[in-house]
Amino acid sequence: MQGKHAILALLNELLAGELTAIDQYLLHGETYADLGLKRLAEKALHESAHEREHAQAIIQRILFLEGKPDLTRREALISGADVPAMLQADLDVEYRVASGLRKGILLCEQHQDFVTREMLVRQLDDTEMDHAYFLEKQLRLIGLTGLPNYLQSQL
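Residues numbered from 1 in each chain as written. Predicted model: local features only at pLDDT ≥ 70, side-chain atom pairs only at ≥ 80, totals over all residues. Heavy atoms only, no water.

Examining helix α3 (residues 83-110)
Part 1 of the reasoning: The terminal C-alpha atoms of α3 lie 41 Å apart, and with 28 residues this matches the ideal 40 Å at 1.5 Å per residue to within 8%.
Part 2 of the reasoning: After α3 finishes, the residue Q112 shows a positive phi value of roughly 55°. (Helix = DSSP H or I, 4+ residues; strand = E, 2+ residues; numbered from the N terminus. Expected span 1.5 Å × (residues − 1).)

Focus on unusual backbone geometry
Part 1 of the reasoning: The phi dihedral of E66 falls on the positive side, at around 65°, and the residue is not glycine.
Part 2 of the reasoning: One can find E66 in the loop between α2 (38-64) and α3.
Part 3 of the reasoning: You can call E66 exposed: its relative accessible area is 53%.
Part 4 of the reasoning: The phi dihedral of Q112 is positive, around 55°, even though this residue is not glycine.
Part 5 of the reasoning: Mapped onto the secondary structure, Q112 falls in the loop between α3 and α4 (114-145). (Buried < 20%, exposed > 50% of the residue type's maximum accessible area, 1.4 Å probe, protein only.)

Side note on the pattern of salt bridges
Part 1 of the reasoning: Under the counting rule described, the total for this entry stands at 10 salt bridges.
Part 2 of the reasoning: The residue R102 makes a salt bridge to E128 at a minimum N-O spacing of 2.3 Å. Here R102, found in helix α3, pairs with E128, found in helix α4; they are 26 residues apart in sequence, far enough to count as distant.
Part 3 of the reasoning: Exposure remark for R102: the relative accessible area of 39% places this residue in the partly exposed category.
Part 4 of the reasoning: Note on E128: relative accessible area 33%, which makes it partly exposed.
Part 5 of the reasoning: What emerges from the salt-bridge pattern is a single network uniting K43, E47 and D130. (Salt bridge = Lys/Arg side-chain N within 4 Å of Asp/Glu carboxyl O.)

Comments concerning the packing of aromatic side chains
To describe a pair of aromatic rings, one takes the distance between the centres and the angle between the planes.
Part 1 of the reasoning: The final tally for this structure, using the stated rule, is zero aromatic pairs.
Part 2 of the reasoning: The ring of F134 carries the charged tip of K43 above its face, separated from the ring centre by 4.8 Å. (Phe/Tyr/Trp six-rings, centres within 6.5 Å; stacked < 30°, edge-to-face > 60°. Lys NZ or Arg CZ within 6 Å of the ring centre and 35° of its normal.)

Overview of the side chain of T127
Part 1 of the reasoning: With respect to the helices, strands and loops of the structure, T127 is situated in helix α4.
Part 2 of the reasoning: Judged by relative accessible area, which is 1%, T127 ranks as buried.
Part 3 of the reasoning: Here T127 is in contact with H54, E94, V97, A98, L101 and A132, once residues within four sequence places are set aside. (Contact = heavy atoms within 4.5 Å.)

Shown next as structure tokens:
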């Protein structure tokens, strides 16, 4: 089934965001592990794997629509200098991904591609309710408890 050019272009744009998120979560997860922050490491590495699932779904949809997935594109990788900066960098990626997903949902509605729209709605729910919410909560906890207490809780 041949997809519309605008949908395929958008899916490749979203794919670049997911691939960036995979790499960034992986880098931060391994950094947390190296610092001995086991809980944060496990969560970041889990999120990297979850972003991989999102990327895989987008790749499958592009192929189904007879497009060519572009796995060479990435957004700029931002690695924070400390734990709060890493959390904020990951949150910024999630906000950018969520914005792209919302844009994609509207585009799919305009082109009446409701299957792709449904996939993007599921990914938006993951992005907002799981990924971004967790990161926002961690940054709030740092503010409430102080960085030393927060870091101790992540050992």
